[in-house]
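Close look at the chain arrangement
Spelled out from the first residue to the last, the chains are:
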Amino acid sequence: LYKTTKPSASSQHHNSCGASTLDLHGCTTKEALVKLDESLEVWVDAAMQGSYPFVIPATIVCGCGSQILSETVEKWIKATRNVCNAPKNSIPRSKFIHVIQ
């Protein structure tokens, strides 16, 4: 989980690179959980259509407000079978830092 200061403007770019991005900025906890569950179905289908070991990366953007969404996502990841956090330092931090102009 990484803190960001604004919604990801390059979400579509990530999708075109084979990685899925789910932006939860502005969602309530309940809305976030629904979006996570809906996205999981899509991610599992995409992984199963790929090659062994049937794993795909997914980026979940939470924002940096009160951290309620980050905590919700963290709990969802821990409670959801076959979902885990990426190893530390496996994703360049610069991917999540946005300059406000």
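Everything that follows concerns the structure shown earlier in this document.
Residues numbered from 1 in each chain as written. Predicted model: local features only at pLDDT ≥ 70, side-chain atom pairs only at ≥ 80, totals over all residues. Heavy atoms only, no water.

**Looking at the overall build of the chain**
- The secondary structure content of the chain amounts to three helices and two strands.
- Secondary structure elements of the chain occur, N-terminal to C-terminal, as α-β-α-β-α.
- When burial is assessed residue by residue, the chain has 30% of its 101 residues classed as buried.
- At a minimum sequence separation of 6, the contacts of the chain that also span at least 24 residues come to 62%.
- Approximately 7,200 Å² of the chain is accessible, and the part contributed by carbon and sulfur atoms is 56%. (Helix = DSSP H or I, 4+ residues; strand = E, 2+ residues; numbered from the N terminus. Buried < 20%, exposed > 50% of the residue type's maximum accessible area, 1.4 Å probe, protein only. Contact = heavy atoms within 4.5 Å. Areas by Shrake-Rupley, 256 points an atom, 1.4 Å probe, with all protein chains shown as cover.)

**Observations concerning helix H2 (residues 29–49)**
- Taking 1.5 Å per residue, 21 residues should reach 30 Å; H2 reaches 30 Å between its end C-alpha atoms and fits that length.
- For H2, the complete set of buried residues consists of Ala 32, Leu 36, Ser 39, Leu 40, Trp 43 and Ala 47. Angular distribution of buried residues about the axis of H2 spans 130°; they occupy a single face of the element. With respect to the buried face of H2, the exposed residues turned more than 90 degrees away are Lys 30, Glu 41, Val 42, Met 48 and Gln 49.
- As for H2, its buried residues are in contact with strand E1 (20–23), strand E2 (58–61) and helix H3 (68–79). (Expected span 1.5 Å × (residues − 1). Arc of directions from axis to C-beta.)

**Let's talk about the pattern of salt bridges**
- Tallied over the full model, the rule gives one salt bridge.
- We note a salt bridge from Lys 78 to Glu 74, for which the minimum N-O separation is 3.8 Å. Of this pair, Lys 78 and Glu 74 are both found in helix H3, four residues apart, which corresponds to roughly one turn of the helix. (Salt bridge = Lys/Arg side-chain N within 4 Å of Asp/Glu carboxyl O.)

**Here we look at a nonpolar patch on the surface**
- Together, Val 44, Met 48, Tyr 52 and Phe 54 make up an exposed nonpolar region whose accessible area comes to about 460 Å².
- Along the chain, Tyr 52 turns up in the loop between H2 and E2.
- Given the relative accessible area of 70%, Tyr 52 is considered exposed. (Patch = residues over 30% accessible without salt bridge, like charges linked within 9 Å, V, L, I, M, F, W, Y side chains within 5 Å.)

**Regarding the pairing of E2**
- Here E1 runs beside E2; their pairing, made up of four bridges, is parallel. Considered in E2, the bridge of Ser 20 is made with Ala 58.
- Between the parallel pair E1 and E2, the chain is carried across by H2, and the sense of this crossover is right-handed. (Pairing = 2+ DSSP bridges. Right-handed = clockwise from strand over helix to strand, strands pointing away.)

**Here we look at the environment of Ala 32**
- Structurally, Ala 32 is set in helix H2.
- In the structure, Ala 32 is positioned 44 residues away from Trp 76 in sequence and 10.0 Å away in space, judged by C-alpha atoms.
- Apart from the residues lying within four places of it in its own chain, the contact partners of Ala 32 are Leu 24, Cys 27 and Leu 69.

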